[in-house]
Amino acid sequence: MTKNFPGVRKRECVSQGKKDIYFSIRYTVNGKQYEEPIGFKSLGWTAEKAYHILGDLKQRIKAGTAFSLKEIAQQQQKKNNELLERNKRNCIQSKTFREIFSLCYMPYCQIYHKKSTNDRELVLFKKWLEPYFGSLPLEKISRNSLIRVQNIMADQQLSVRSQNYAIALMRQVFNFAKKENLYFGLENPASKIKCKKEDNRRIRYLTAEELEALFTELKKRSYEVYLMALISADCGLRAGEIFNLTWADVNLNQKEFTLKDTKNKKNRFAFMTDRVFEEVSKLPNKETNQHLFPSRNGKKIEHVSRTYERAVKKLGLNQGITDRRQKVVFHTLRHTYASRLVEKGNSIFVVKELLGHSDISMTLRYSHLSNNSLRKAVRTLNSESEND
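Residues numbered from 1 in each chain as written. Predicted model: local features only at pLDDT ≥ 70, side-chain atom pairs only at ≥ 80, totals over all residues. Heavy atoms only, no water.

Trainee: Honestly, the pairing of strand E1 (residues 8-15) in this entry has me stumped. Any pointers?
Mentor: Each regular strand shows side chains that alternate between the opposite faces of the sheet. Two elements, E1 and strand E2 (residues 18-29), share eight bridges in a ladder whose sense is antiparallel. Counterpart to Val-14 in the pairing with E2 is Lys-19. Once E1 ends, the chain turns through two residues before running back antiparallel as E2, passing Gln-16 with a positive phi of about 55 degrees. (Pairing = 2+ DSSP bridges. Helix = DSSP H or I, 4+ residues; strand = E, 2+ residues; numbered from the N terminus.)

Trainee: Even after reading the chapter, I still don't get the nonpolar core, so can you show me in this structure?
Mentor: Proteins that are soluble and globular tend to have nonpolar side chains buried together. By size, the foremost hydrophobic cluster in this structure holds 38 residues, and its most contacted members are Ile-231, Phe-257, Tyr-308 and Leu-333. Contributions of two or more residues to this core are made by helix H7 (208-221), helix H8 (223-235), helix H9 (239-244), strand E5 (256-259), helix H10 (274-282) and helix H11 (306-315). The element best represented in this core is H8, accounting for nine residues. Setting aside residues up to four positions removed in sequence, Leu-333 forms contacts with Leu-206, Leu-211, Leu-214, Ala-229, Ser-232, Ala-233 and Tyr-308. Tyr-105, Phe-133, Tyr-165 and Ala-166 belong to the second-largest nonpolar core, a separate cluster that totals 29 residues. (Core = buried A, V, L, I, M, F, W, Y, C linked by side-chain atoms within 4.5 Å. Buried < 20%, exposed > 50% of the residue type's maximum accessible area, 1.4 Å probe, protein only. Contact = heavy atoms within 4.5 Å.)

Trainee: Would you mind going over the sheet that holds strand E6 (residues 268-271) with me for this structure?
Mentor: Through backbone hydrogen bonds, the strands of a sheet pair up, either in parallel or in antiparallel fashion. An order of E4-E5-E6 is seen for the three strands of this open sheet, with the pairing classed as antiparallel. One side of each edge strand has no neighbouring strand; the edge strands of this open sheet are strand E4 (250-251) and E6. Two strands pair when backbone bridges link them, and E4 and E5 are joined in this way by two bridges, in the antiparallel orientation. Directly across from Asn-251, in E5, lies its bridge partner Glu-256.

Trainee: What's the story with the packing of helix H4 (residues 115-133) against helix H5 (residues 143-155) in this structure? I'm lost.
Mentor: At their nearest, the axes of H4 and H5 sit 11 Å apart, and the two run at 130 degrees to each other. Comparing their axes, H5 and H4 come out oblique. Both H4 and H5 take part in a crossing whose hand is right-handed. For the pair H4 and H5, the contacting residues are Leu-124, Trp-128, Tyr-132 and Phe-133 in the first and Ser-145, Leu-146, Val-149, Ile-152 and Met-153 in the second. Classifying every residue of the contact of H4 with H5 gives eight nonpolar, one polar and no charged. (Axes fitted to C-alpha atoms, helices over the stretch in contact; angles between N-to-C directions. Parallel < 35°, antiparallel > 145°, perpendicular 65-115°, else oblique. Left-handed = near helix turned anticlockwise from the far one by under 90°. Nonpolar A, V, L, I, M, F, W, Y, C, P; charged D, E, K, R; others polar.)

Trainee: Can you walk me through helix H12 (residues 332-343) in this structure?
Mentor: Here H12 contains twelve residues, and its C-alpha end-to-end distance of 16 Å stays within 8% of the 16 Å for a straight helix at 1.5 Å per residue. Within H12, ten of the twelve residues are buried, leaving the element largely enclosed by the surrounding structure. Of all the positions in H12, only Thr-332, Leu-333, Arg-334, His-335, Thr-336, Tyr-337, Ala-338, Ser-339, Leu-341 and Val-342 are classed as buried. Buried positions along H12 lie against H7, H8, E6, H11 and helix H13 (348-355). Looking one or two residues beyond H12, the residue adopting positive phi is Gly-345, at roughly 90 degrees. (Expected span 1.5 Å × (residues − 1).)

Trainee: How should I be thinking about the pattern of salt bridges in this particular structure?
Mentor: Note that side chains of opposite charge can pair when their charged atoms are close. Counted under the stated rule, the structure contains 19 salt bridges. Among the salt bridges present, the one from Glu-35 reaches Arg-26, with a minimum N-O distance of 2.9 Å. For Glu-35, a relative accessible area of 34% gives the class partly exposed. The partly exposed category is assigned to Arg-26, whose relative accessible area is 27%. Between Arg-306 and Glu-309 there is a salt bridge, with the nearest N and O atoms lying 4.0 Å from each other. Placement of the pair is Arg-306 and Glu-309 together in helix H11, with a separation of three residues, close to one helical turn. (Salt bridge = Lys/Arg side-chain N within 4 Å of Asp/Glu carboxyl O.)

Trainee: Would you take a moment to explain a nonpolar patch on the surface for this structure?
Mentor: A contiguous nonpolar patch, built from Tyr-108, Ile-111 and Tyr-112 and spanning about 360 Å² of accessible area, is present on the exposed surface. Here Tyr-108 shows up in helix H3 (residues 97-112). (Patch = residues over 30% accessible without salt bridge, like charges linked within 9 Å, V, L, I, M, F, W, Y side chains within 5 Å. Areas by Shrake-Rupley, 256 points an atom, 1.4 Å probe, with all protein chains shown as cover.)

Trainee: So what exactly am I meant to see when it comes to the packing of H5 against helix H6 (residues 160-179) here?
Mentor: To characterise two packed helices, one gives the angle between the axes of the helices and the distance between these axes. Axis separation between H5 and H6 bottoms out at 9 Å; the angle between their running directions is 155 degrees. By the angle class used here, H5 and H6 are roughly antiparallel. Helix-helix and strand crossings are classified by hand; for H5 and H6 the assignment is right-handed. Taken together, the residues of H6 that come into contact with H5 (itself represented by Leu-146, Gln-150, Met-153 and Ala-154) are Ser-162, Gln-163, Asn-164, Ala-166, Ile-167 and Met-170. Tallied by class, residues from the contact of H5 with H6 come to six nonpolar, four polar and no charged.

Trainee: Before we go on, may I ask you to explain the sheet that holds E2 in this structure?
Mentor: In space, the three strands of this open sheet follow the order E1-E2-E3, with antiparallel pairing throughout. Looking at which strands have only one partner, the edges of the open sheet turn out to be E1 and strand E3 (32-40). Across this sheet, the average inter-strand angle for adjacent strands is 30 degrees, counted without regard to direction. Contacts between helix H1 (residues 47-63) and the sheet are confined to E1, E2 and E3, with E2 contributing the most and set at about 20 degrees to the helix.

What follows is the structure in structure tokens.
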């Protein structure tokens, strides 16, 4: 022990081939004596420094806040970590909605989402979300502020669908930020905003004359687009289902398509009409894993060709129509398929299965078209009364 610094012990030793002095301290806790190392003289330690450390430790022992140098070091490390975390959180919380959306959320979406989805979200962000929330940190965006923007969109006669999409996008950004530790709020301000209800289902379908005129126009412009339109109108396929078709999904012997992983996550069969069978049979034989309608680079097509839109415009099918539900788009062909089935007297339940609807309510929109078959059913009562 050193004379001038009681409780401090020094020992002569050899460190890295040279004579050195090593300091340690001794102290008592609950009647038990402990000794802990301090350091070498060659590294700047002295008996006086060790004595000051011992004095600080004794004060902590007396106060009951720490009982060893190791415990003091752990407490200090914890404080340092908390300080770093606080600084990190303050730095993150200072990031604006614009920065999080553009620098974090969109790069993630470009990897995992479809390009069409990303494009639509980017337009919505630039036109409606950035002007109101772009300069705000996420913590400053409230449920009420989201509802105010939703009401502004409504006042400017933006569709209910777009209003709902804006709120859904905000909900997605907050969920993403929470998952990536970019947002530390207790709740997502967009999570409890109810979507507005709107009957946005398309109700337009083509008459037999309109359909044949469209086929004729498409044949002039693109055989491929014509055949895709024919498959949709005669077999009820969605555009995405047509794009997904490979030759492995085509069974010419049974005259059917196998549709995998459809919109409702179920597989189903679609049955070819004679003219679809005839046209598909003409196509050159391909490898089973190749798409029926590959893009120019041999991959899957992502969008309906503008050729279809130009043909519709040439025929004037959308002339003077402002309600988007009444406009002729590629999906109108699927509605035409369902409408033709109902008008021919087929059961709504049969049509539901052919369309691959998960809920009968989706198919009931076509029920009004069955009036002719209902009239025929009532006429059978006339013949019955005559017999009486």
